[in-house]
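Chain and residue survey
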Amino acid sequence: MFRRLSTRLTVLYAALFGAVLLVVSLAVFFAISNAAQRQVRNELSATGTVFDQVWSLRSDRLREGASLLSRDFGFREAAATHDAATIGSALDNLKRRMGVDYAFMVDAEGQVAGARFAPADAAAIAKAFDGADDPSGVLLLGGEPYQLVSAPVLSPDLIGWVVFAVKLDDKEMRALERLSSIPLSAVVLHRTAGGAWTASHAPAELMAPAVRRVITDGLKARAMPQVLDLASGRAAALVKPLPVLEPGGGAVLLLRYPLAQALAPYRPLLIIVGLLGVGGLAVVSWGSWLLARGVTRPISELDAAAHRLQRGEEAQVEIAGDDELARLAQSFNAMAAEIREREQKITRLAMHDNDTGLPNRLALERRAEALAEGQGPGAYVCAAGLDRFAHMRGAIGHALAARAVRMVGNRISGLAPACGVARISTDTLSFVIAADDAEAAQAEVQRLLELLEQPVRVDGEAIDVALSVGLSPLAPDAVGQSIERATIALDQARAGRRKLALFDAEAYGDPAANLSLMSSMLGGLASGEFQLWHQPKFDMRAGRISGCEALVRWNHPTRGLITPDLFIPMAEETGHIRALTEWVVGQAIADQRALAEAGHHLDVAVNISGRILGEPDFLDFARKALADAAGRICFEITETAVIENPDVAMAMLAAFADMGVSISIDDFGAGLSSLAYLKQIRGHELKIDRSIVQDVTESQRDALIVRSTIDLAHSLGLKVVAEGIETAEVFQVLAAMGCDHAQGYLVARPQPLSQLFEFLAEDHPRLRNYG
Amino acid sequence: MRERMRMLALLALVLGLAGPAGAAELDLTLSTGAGKPVSDAVVMVRPDAGHGSARLAGPFVMAQKDTQFQPYVLIVPVGAEVSFPNLDPFHHHVYSFSKAKTFELKLYGQDQTRKVTFDKPGVVALGCNIHDNMAAYIRVVDTPFAARTAAGAAVVRDLPPGPATVTIWHPFLKAPDNEITRRVTLPASGALRLSVSGDLKPSRLQRGAY
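Predicted, not measured: the structure shown is a model, and the values here were computed from it.

**Here we look at the pattern of salt bridges**
Residues and elements named next belong to chain A. Evaluated as defined, the whole model comprises 32 salt bridges over all chains. Here Arg-578 and Glu-582 are joined by a salt bridge, their closest N and O atoms 2.6 Å apart. Highlighted residues: Arg-578 and Glu-582, both in helix α19 (residues 577-597), separated by four residues, approximately one helical turn. Judged by its relative accessible area of 15%, Arg-578 falls in the buried class. Residues Arg-578 and Asp-617 are paired through a salt bridge, measuring 3.2 Å at the closest nitrogen-oxygen approach. Of this pair, Arg-578 sits in helix α19 while Asp-617 sits in the loop between β21 (603-607) and α20 (618-626), placing them 39 residues apart in sequence. Counted as one network, the salt bridges with shared partners bring together Lys-537, Glu-549, Glu-636, Glu-685, Lys-687 and Glu-723.

Written out as structure tokens, the structure reads:
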């Protein structure tokens, strides 16, 4: 949640303290709140008791006053004799003296004298005084609550009551409120006919249902203050029932005291607690931040140093104190120093050649890149190869040869300061020269060669130095490729027996494209891109077409017809030759069958690569495939194929022969021909290479070789096939020499199977005539 | 007080014996609706035939003793003179605002007697202006046939036979003018029994006499 440790620690401590503070504050608040509520309740209860006494005293006082009149002999006489004027004046006098709102007399029949009331109020009074003893209590007159107190008039019979009525209005309530030690508010509520509680001058909020419930509960639980929720806030409330004169009526005195007001005296205390809490929180936060920073600063420094170390920069940390963190920093410093040391060593190893101590290819690339960026065009990479290095090493030993290389390298670096020298392979040193064009570069290299090809002295012995140099322009964005091309140019120079060669892209071809060609070969085999063409062989003795050589053609979907000269060597290099050979063998057998079914019984020859002869399991394939061959199958094999791995190859050829396969020794006379192997191979046929055959009519020597070869073959029990016969003259010479079979454009070009059918359908008097 | 009542009963007996022979008698019982006997009620019989020259005999005394009037209810004929002896060692101020007789006997001391003549029939409520708890009633009657109930019963003797009106009065009887009236026919001789029930108004001035 927090990325920084110091923040986390600060927040943790502050949160803990805050939580404790909150608990304390809540405890204080509730304690105070409870105390205040309790105090309010007590005050309310006390006020309630006081009110009872006040009410009783007041009633007594009024009753005394009324009694004073009702017992007065004169008044009784006036009342008994119905002297209305006297009664009225006496009541009026007393009303003024007592300060009451009404003073009147009610006689035994309920008739009111001495005051005028509305008929409804008069009826209510009559009802209240019907059959009651000295009635006293609250009565509504004109909708307002009045306290009525009465005293009987006895003369000596009860002839009526002197009644005082005091309105329970705001003035009375304020007077009552002043009696309390707490600032409470009092109001008299009366019950309406509908059962609701109302008051004419009370605030509207007292009409709420909560008030009614409080009154109902209050009437049950006497003298118990309750909590009342009003629109103006929560208040403590005490309900005091008042005696009523109206049957079924009800009146209560509601004393209430807002709790907010009760809490007001404690507010400063609460504010102080709150301020102390906030202040404490700030102090704790600040303190924990300081503490956390003290702990985390070394860690942050270590973190930053680790990042510097990662970037390969100086990463030492300042050590302060001797605690765990300081020890960690110490260890870190030691580790950082060691890592840098090792890194330097590794870098040196990575950038230098171990034998000679010269920079290596990577180092050259780095420097050449920097150079290319700075210099732009006009630079050439040179790959200087020490000629016959293997011989030299064999002669003087590994260490001295390496020393010689180093000396040449040093010589180069002294002459070509552009970016030093590097040993990029065992016998090759590379460097960069500045030159505007290829000609200038070659001239410069020529000049350098003269200086470099001085003998070097190793342990006092002079060793001749001969160098071949490949050149390639330095491409700023492909330095590696430039170096590569320089080495290829070196190879090209050596192949051309030149001292110096510029990279020739055309001669090099496109190896990447070739590689992709190989990867598409397997797919091509499956999807029918390959085809077998057949070149017929003419039996010179029998005068007829006796066989054909199966030659593979690849019709590539995007590159068109690809010559076997290109893809066969590649297939041999990449191992695809096995799949290709299997396909060719299978197809040759199928084609032979097709020919046989058409009545043409031909021997079919298939070229088998020397690579295949190293794979004994090819025998299994061949055995299975040849089982359903419709005629004789011949495997054409070059002598060189046998020379590479003679024992395995010989065994394999023997196995083929056992299987009934004819073995034909191909290209005889083109490469190295070893009579020793010729003697060993269990062959059936010898094919004389076209290079000898073609000149048989021109060169006496060639004619002699051919004749001798034919004789040699015949004496070894081999048939002879002459390849590349293009003219009738050659045909006739060879026929005269005793050659068995002829193959070449004169006989027929290689052709697809469909054309071969047509060719075979013809008669061939032309060929027979040559013979 | 009981002794005095016995004396009065004896007096009545003597008077009855002196009257014409073979006269009728009314035996009245008065009780509340709840069955409690009512005392201090006055029973008045007014024969349709009139009452001749018969008259209740005196003397009629309403004494003040122990801060009480004695008796509580006194029956006197119209025109009777009632003496109000003060037997207490302090003053009384006897008054009445009743229509039948309004009078005032201002502060008089021990063993002093005042006399008042009641010349109109009706109820005279007596009070003392000094002592609120003192109350008594004088029933001024216009018939010689009247008696007061004791323990809920009263007997009116020497009544002439024939139809008559019986009126029962009690100061707190729940009835118009505190009176209940019954028409009866008195027999030639013997007793007519009459049971009447009537409730009393509650009043703290009532005596617990019944």
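**Brief notes about the interface of chain A and chain B**
With eleven residues of chain A in contact, the opposing surface of chain B contributes 13 residues. The junction of chain A with chain B conceals about 1,300 Å² of combined surface from both sides, 55% of it contributed by carbon and sulfur atoms. It is Phe-73, Pro-156 and Asp-157 of chain A in chain A that bury the most area against chain B; as a group they hold 46% of the surface buried on that side. For the interface between chain A and chain B, the tally reads zero salt bridges. For the pair chain A and chain B, the number of links is two residue pairs in polar contact (both at pLDDT 80 or more). Tallying contributions element by element places helix α2 (residues 73-80) of chain A first for the side of chain A that touches chain B, with four residues.

**Considering the domain arrangement of chain B**
Residues and elements named next belong to chain B. Assigned domains of chain B: these are domain 1 (19-52 + 145-196) and domain 2 (55-143). Computed over C-alpha atoms, the centres of domain 1 and domain 2 are 24 Å apart. The interface of domain 1 with domain 2 comprises 14 residues on the first partner and eleven residues on the second. The largest share of the area that domain 1 buries against domain 2 comes from Arg-46, Arg-148 and Trp-169, three residues that together contribute 36% of it. Taken together, the connections running from domain 1 to domain 2 amount to two salt bridges. Applying the counting criterion to the domain 1 and domain 2 interface returns five residue pairs in polar contact (both at pLDDT 80 or more). Elements that contribute at least two residues to the side of domain 1 that touches domain 2 include exactly β2 (42-47) and β13 (146-148). Here the side of domain 1 that touches domain 2 takes four residues from β2, the largest share from any one element. In the side of domain 1 that touches domain 2, the residues fall into nine nonpolar, one polar and four charged.

The rules we used
- Residues numbered from 1 in each chain as written.
- Chains lettered and ligands numbered in written order.
- Predicted model: local features only at pLDDT ≥ 70, side-chain atom pairs only at ≥ 80, totals over all residues.
- Heavy atoms only, no water.
- Salt bridge = Lys/Arg side-chain N within 4 Å of Asp/Glu carboxyl O.
- Helix = DSSP H or I, 4+ residues; strand = E, 2+ residues; numbered from the N terminus.
- Buried < 20%, exposed > 50% of the residue type's maximum accessible area, 1.4 Å probe, protein only.
- Contact = heavy atoms within 4.5 Å.
- Buried area = accessible area lost by both parts, 1.4 Å probe.
- Polar contact = N/O pair within 3.5 Å; in protein donor to acceptor, adjacent residues only side chain to side chain.
- Domains from an automatic or database assignment.
- Nonpolar A, V, L, I, M, F, W, Y, C, P; charged D, E, K, R; others polar.

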